[in-house]
Amino acid sequence: MKVPLLDLKAQLDTIRDEVKPAVDEVIESTKYIMGPRVAELEEKIADYCGTSFGIGVSSGTDALLISLMALNIQPDNLVITTPYSFFATAGVIARLRAVPVFVDIDPDTYNMDPVKLKKWVRENKDKVDKVRAIIPVHLYGQCADMDSILKITNEYSIPLVEDAAQAIGSRYPSFKGIKKAGSMGVLGCFSFFPSKNLGGIGDGGMVVTNDEKLSQILINLRNHGSHPKYYHSMIGGNFRLDSVQAAVLLIKLKYLDDWHNSRQKNAKYYDENLNVEVIKNPFIAYKREYHIYNQYVISVPEKRAELRTFLKENNIGHEVYYPVPFHEQECFRYLGYREGDFPNSEQAAQRTIALPIYPELTTEMQDYVIEKIEEFYR
Ligand SMILES: *Cc1c(COP(=O)(O)O)cnc(C)c1O
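The following refers to the structure shown. None of the values given here were measured: they were computed from a predicted structure. (Residues numbered from 1 in each chain as written. Predicted model: local features only at pLDDT ≥ 70, side-chain atom pairs only at ≥ 80, totals over all residues. Heavy atoms only, no water.)

## Quick notes on a nonpolar patch on the surface
Part 1 of the argument: Nonpolar side chains collect at one region of the surface, where I27, Y32 and I33 lie side by side and expose about 300 Å² of accessible area between them.
Part 2 of the argument: Tracing the chain through its elements places I33 in the loop between α1 (8-29) and α2 (36-49). (Patch = residues over 30% accessible without salt bridge, like charges linked within 9 Å, V, L, I, M, F, W, Y side chains within 5 Å. Areas by Shrake-Rupley, 256 points an atom, 1.4 Å probe, with all protein chains shown as cover. Salt bridge = Lys/Arg side-chain N within 4 Å of Asp/Glu carboxyl O. Helix = DSSP H or I, 4+ residues; strand = E, 2+ residues; numbered from the N terminus.)

This is the structure:
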């Protein structure tokens, strides 16, 4: 048996008859950038997330970058995030010559630990007024503890940007009711990279917001800051979204909640049937139905490298997200952090491993994955 980490062909098989004509329609329209399909997608995604505005952009990375640009992040401003995420989360901060400040993750959820955030604020009273944004990440598809984080950011009037690249449709039970990922901060960022739960046939992204003024700034920045056309009061870039991505994403959006459900069902199956003493299955912070399981990540304190070799030999796809925390990346050495500064992130980097969880995964395949992991630890 062969079990890939992700099988986009299996997904395509279920929607090919819709996708191909939609792509063809875009080709024939000869309107390839932005256009009516992008406008329609922006409206539908904003609606899906419970926000007023959606601004289509060129990638999840650019969604984060343009968000920080819209907040007017300047060189030497501080931006807080965690050291354990996909590189883009910290990369965009440094690209604007701002300073990434890291606070450690919660060891169970892998998301920003509000207690650590509070501790940083308490211990850095002289620096707090230089913090111009905070970026919690909803890692693997489960929301960070937003009520606790927002309590702190509201107290200090720090704008919160959600890195919801892995979490479109993920829900959070806030004290104000159930909220969708991306709708709780001033800006929410999504990625349509093909491996995300809602993935295009190339790069794409979206920023959502309830702030009309910011939405207008984002719209201008997306097109070189041009407003009106060929007049520039600010410097933006080319962060536009292609029509063909929007056309495909509009089709996939119809199935997104069904795909989330299948991932949750698969997660439940692993939760109940993968029973190895040393392995820590994913922690459910709220409810399983609130987690969209972009990844199903287990923690293995012993013999991870050997397990990976064994899985590979048995044709089981898997990946480590992420093997090196930001503060240990060579390019961030100038920030002056040291090994040991963020023990929970470091431990996660050493122990986590993502297993196949995609919607089309069969029970037979899951049984095989479970059987092989159990065999390895026996
Ligand atoms: C995928 C991802 C991004 C970047 O999105 P791209 O579309 O690949 O640029 C940013 N942050 C996180 C947490 C991601 O998983």
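## Overview of the site of the ligand
Part 1 of the argument: Near the ligand you find 15 residues, and of these G60, T61, Q166, S191 and K196 are the closest.
Part 2 of the argument: One of the side-chain N or O atoms of Q166 is found 2.7 Å from an oxygen atom in the ligand.
Part 3 of the argument: At 2.6 Å, a side-chain N or O of S191 approaches an oxygen atom of the ligand.
Part 4 of the argument: Relative to its unbound accessible surface of 380 Å², the ligand loses 93% to contact with the protein.
Part 5 of the argument: Taking a 2 Å distance to the grid points as the criterion, the majority of the atoms of the ligand fall inside the largest pocket.
Part 6 of the argument: At the level of secondary structure, the elements contributing two or more residues to the shell around the ligand comprise α3 (60-70) and α4 (88-95).
Part 7 of the argument: At three residues, α3 tops the list of elements feeding residues into the shell around the ligand. (Near = heavy atom within 4 Å. Polar contact = N/O pair within 3.5 Å; in protein donor to acceptor, adjacent residues only side chain to side chain. 1 Å grid on protein atoms, 1.4 Å probe; cavity = no way out; pocket = protein on both sides within 12 Å on 5 of 7 lines; lining within 4 Å. Sits in = over half its atoms within 2 Å of the grid points.)

## Examining α3
Part 1 of the argument: Of all 11 residues in α3, nine are buried, a share of seventy percent or more.
Part 2 of the argument: Listed as buried for α3 are G60, D62, A63, L64, L65, I66, S67, L68 and A70.
Part 3 of the argument: Measuring from the backbone nitrogen of T61 back to the side-chain oxygen at the start of α3 gives 3.3 Å, which picks out S59 as the cap. (Buried < 20%, exposed > 50% of the residue type's maximum accessible area, 1.4 Å probe, protein only.)

## Concerning the layout of surface pockets
Part 1 of the argument: Estimated volume of the largest pocket: approximately 390 Å³.
Part 2 of the argument: Lining the largest pocket are 24 residues; nearest its centre among them are F86, Q166, F193, K196 and Y322.
Part 3 of the argument: Those elements that provide at least two residues to the lining of the largest pocket are α3 and α4.
Part 4 of the argument: Examining the composition of the lining of the largest pocket, we find that three residues originate from one element, α3, more than from any other.
Part 5 of the argument: For the lining of the largest pocket, the class distribution of residues is 10 nonpolar, 11 polar and three charged.
Part 6 of the argument: Shared between two domains, the lining of the largest pocket holds at least three residues of each, these being domain 1 (8-102 + 109-253) and domain 2 (256-377).
Part 7 of the argument: Computed from the structure, the second largest pocket encloses a volume of approximately 290 Å³.
Part 8 of the argument: Lining the second largest pocket are 15 residues, and of these L150, S174, K176, K179 and M184 lie nearest its centre.
Part 9 of the argument: Among the elements of the structure, α6 (146-155) and β7 (177-180) are those that each provide at least two residues to the lining of the second largest pocket.
Part 10 of the argument: The greatest single-element share of the lining of the second largest pocket, amounting to five residues, is contributed by α6. (Points joined across faces, edges and corners; volume = space filled by probe spheres on them. Nonpolar A, V, L, I, M, F, W, Y, C, P; charged D, E, K, R; others polar. Domains from an automatic or database assignment.)

## Quick word on the pattern of salt bridges
Part 1 of the argument: This structure, assessed with the given rule, holds 13 salt bridges.
Part 2 of the argument: Between K254 and E18 there is a salt bridge, and its shortest N-O distance comes to 2.6 Å. Taken together, the residues K254 in helix α8 (residues 243-273) and E18 in helix α1 connect sequence positions 236 residues apart.
Part 3 of the argument: Put simply, E319 and R308 hold a salt bridge, and the shortest N to O gap is 3.5 Å. Residue E319 is located in the loop between α9 (304-313) and α10 (343-351), and its partner R308 is located in helix α9; the two are separated by 11 residues in the primary sequence.
Part 4 of the argument: Using a relative accessible area of 31% as the deciding quantity, one classes E319 as partly exposed.
Part 5 of the argument: Residue R308 is classed as partly exposed on the basis of its relative accessible area, which comes to 26%.
Part 6 of the argument: Overlapping salt bridges bring together E25, R37, E40 and K44 as one network.

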